[in-house]
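Results of the structural survey
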Amino acid sequence: MKKILVTGGAGFIGSAVARYIISETTDSVVVVDKLTYAGNLASLAPVSQSERFAFEQVDICDRQALDDVFARHQPDLVMHLAAESHVDRSIDGPAAFIETNILGTYTLLEAARGWWNTLADDKKSAFRFHHISTDEVYGDLHGSDDFFTETTPYAPSSPYSASKAGSDHLVRAWLRTYGLPTLVTNCSNNYGPYHFPEKLIPLTILNALAGKTLPVYGNGQQVRDWLYVEDHARALYRVVTTGVVGETYNIGGHNERQNIDVVRTVCALLEELVPQKPEGVARYQDLITYVTDRPGHDERYAIDAAKIERELGWTPQETFETGMRKTVQWYLANQAWWQQVLDGSYQGERLGLKG
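Residues numbered from 1 in each chain as written. Predicted model: local features only at pLDDT ≥ 70, side-chain atom pairs only at ≥ 80, totals over all residues. Heavy atoms only, no water.

Here's the deal with the pairing of strand 10 (residues 248-251)
For a regular strand, side-chain orientation follows a simple rule: the groups alternate between the two sheet faces. Under the convention used in this document: Throughout, exposure labels follow a simple rule: accessible area from a 1.4 Å probe, protein chains only, divided by the maximum for the residue type, with under 20% read as buried, over 50% as exposed, and the rest as partly exposed. Starting at the N terminus, helices and strands are each numbered in turn, a helix being any DSSP run of H or I of at least four residues and a strand any DSSP run of E of at least two. Strand pairing is defined by DSSP finding a minimum of two bridges between the two strands.
Across the two faces of strand 10 the burial is the same, with Thr248 and Asn250 and Tyr249 and Ile251 all buried. Across four bridges, the pairing between strand 6 (residues 182-187) and strand 10 is parallel. Within the sheet, the bridge partner assigned to Cys187 lies in strand 10 and is Ile251.

Structure, rendered in structure tokens:
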């Protein structure tokens, strides 16, 4: 049984990882999260009472607090998901992205290295630092037949993706320079339960239910590869437990869709599942509104996930159709969760989590 420290574990992907580890394995989880706007303890409620779960409210830029966490919990593995991740927010305020994604990753690497250096040889050789990144570090693809591979050159377009690219380089440098056993994964767009409502799919669901406009950037023809978050959690656990030190693994959902088609898919599912529409709405897709495109908006992302399938045996279980249906159904069944996010009350919750 391993003890796994998960940074950003109250966020969208991090909480999915924590829920997966507690529900599907015998390992223990220590969630470290600063609880910024994107951190939501309610996303951990399904596993928060487990004896194998612990929570620490810590900023990854705080070295002393991190050292205390490592000394107290003595993790075997680190899964680093803590990051500022919303592109629009990075355009409006890039400083937080530089601080958290670059300085925070550096501080966590140093804390992990300090802990790793205290370990006995057998524990030291088994330790892993798994850095979870994004396909956005590669820039974008202009042809319809090209895919991002693990050797695609970096060409980030936004402050967000540039900060993630910087953190990727730091992680690889700590392996090369200090021997810290690191791995890196780069994933495509995630979607699914507990997704913060500012993101495209939950925003579309909740706006449609409220009879509000469904904003689509530019012409809506930007292409993304969509990965169901629970598939991603399974992949991340596979990498941290069986991946090869020093390797990079791309994780994708094999589901390329234009943004406009994603919005139309949500509308079609709502037509079926919630035929009683808000007053004045004849069809959900009538709410679609095209807005000024995002600065530097990448045209297309597409992941070649052949390496992780070939070497680690992982493939996504959900298709775009099954994952989207599950996602819409989850939001319909969990109004209490997203209502707390919309009204801001989630930020005051503690849910009795253990330290």
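Observations concerning the sheet that holds strand 5 (residues 128-134)
Here is the rule we go by: Axis definition: a line fitted to C-alpha atoms, limited for helices to the stretch in contact. Angles are taken between N-to-C directions and run from 0 to 180 degrees.
Strand order in the open sheet formed by seven strands is 3-2-1-4-5-6-10, and the pairing between neighbours is parallel. What marks the edges here is a single partner per strand, and that holds for strand 3 (53-57) and strand 10. Ignoring which end each strand starts from, the neighbouring axes of this sheet average 20° apart. Note that strand 5 and strand 6 share six bridges and pair parallel. Directly across from His130, in strand 6, lies its bridge partner Leu183.

Some details on helix 2 (residues 63-73)
Turn by turn, an α-helix covers 3.6 residues, leaving residues three or four places apart pointing in a common direction. The condition that has to hold: Think of the arc as the fan of directions from the helix axis to the C-beta atoms. It only takes one pair of heavy atoms within 4.5 Å for two residues to be counted as in contact. Between N or O atoms, a polar contact is any pair within 3.5 Å; within protein, one atom must be a potential hydrogen donor and the other a potential acceptor, and residues adjacent in sequence are included only when both atoms are from side chains.
Of all the positions in helix 2, only Ala65, Leu66, Val69, Phe70 and His73 are classed as buried. Across the axial projection of helix 2, the buried residues extend over an arc of 140°, all falling on one side. Looking at the packing, one finds that the buried side of helix 2 touches strand 1 (3-7), strand 2 (28-33), strand 3, strand 4 (77-80) and helix 4 (95-116). Two or three places before Gln64, at the start of helix 2, stands the capping residue Asp62, its side-chain oxygen 3.3 Å from that residue's backbone nitrogen. Positive backbone phi, approximately 50°, marks Gln74, located one or two places after helix 2.

Notes on the sheet that holds strand 9 (residues 223-228)
Spatial strand order, 7-9-11: three strands in an open sheet with mixed pairing. Where the open sheet ends on each side, the last strands, each with one partner, are strand 7 (189-191) and strand 11 (256-258). Looking at each pair of strands side by side, their axes are set apart by 50° on average, direction ignored. Seen against the sheet, helix 8 (residues 229-242) touches strand 7 and strand 9 and runs at an angle of roughly 70° to strand 9. In the packing of helix 9 (residues 259-273) onto the sheet, contacts are made with strand 9 and strand 11, and the angle to strand 11 comes to roughly 90°.

Structural notes on unusual backbone geometry
Even without a glycine there, the phi angle at Gln74 is positive, about 50°. In this fold, Gln74 is placed in the loop between helix 2 and strand 4. Positioned with a positive phi, His254 is a non-glycine residue whose angle comes to about 60°. Tracing the backbone through its elements, the reader meets His254 in the loop between strand 10 and strand 11.

Re the packing of aromatic side chains
Going by this rule: Note on aromatic contacts: the rings of Phe and Tyr and the six-membered ring of Trp form a pair at centre separations within 6.5 Å, being stacked when their planes are under 30 degrees apart, edge-to-face when over 60 apart, and tilted otherwise. Whether a charge lies above a ring is judged from NZ of Lys or CZ of Arg, which has to be within 6 Å of the ring centre and within 35 degrees of the ring normal.
Taken as a whole, this structure holds 16 aromatic pairs when the rule is applied. Their ring planes at 45° and their centres at 6.2 Å tell us that Phe148 and Tyr301 sit as a pair that is tilted. Highlighted residues: Phe148 in the loop between strand 5 and helix 6 (159-178) and Tyr301 in the loop between strand 12 (288-291) and helix 10 (306-312), separated in sequence by 153 residues. Taking 4.5 Å as the distance between ring centres and 50° as the angle between the ring planes, the aromatic pair formed by Tyr194 and Trp330 counts as tilted. Of this pair, Tyr194 sits in the loop between strand 7 and helix 7 (200-210) while Trp330 sits in helix 11 (residues 320-333), and the two are 136 residues apart along the sequence. In terms of burial, Tyr194 and Trp330 fall into one category: buried. Over the ring of Tyr178 we find Arg113, and its NZ or CZ is 3.8 Å from the ring centre. Over the face of the ring belonging to Tyr301 we find Arg224, whose NZ or CZ atom lies 3.9 Å from the ring centre.

Some remarks on the side chain of Arg234
Take Arg234: it is sitting in helix 8. Judged by its relative accessible area of 18%, Arg234 falls in the buried class. Once you skip the residues sitting within four places of it in the chain, Arg234 turns out to touch Tyr20, Trp314 and Gln317.

Points about the pattern of salt bridges
The cut-off we apply is this: Any Lys or Arg side-chain nitrogen found within 4 Å of a carboxyl oxygen on Asp or Glu counts as a salt bridge.
Applying the stated rule across the entire model yields 16 salt bridges. Close ionic contact of Glu271 with Lys277 constitutes a salt bridge, the shortest N to O distance being 2.9 Å. Residue classification places Glu271 among the partly exposed residues on the basis of a relative accessible area of 27%. Residue Glu318 is joined to Lys326 by a salt bridge in which the shortest nitrogen-to-oxygen separation is 2.5 Å. Taking the relative accessible area as the measure of exposure, Glu318 reaches 13% and is therefore buried.

With respect to the pairing of strand 3
The element strand 3 is extensively covered by neighbouring structure, given that four of its five residues are classed as buried. Of the strand pairs in this sheet, strand 2 and strand 3 are connected by five bridges, and their pairing is parallel. Across the sheet, the residue bridging to Val29 is Phe53, located in strand 3.

Regarding the side chain of Thr100
Among the structural elements, Thr100 can be located in helix 4. Note on Thr100: relative accessible area 17%, which makes it buried. Leaving out residues up to four positions away in the same chain, Thr100 has contacts with Ile60, Cys61, Ala83, Glu84 and Thr105.

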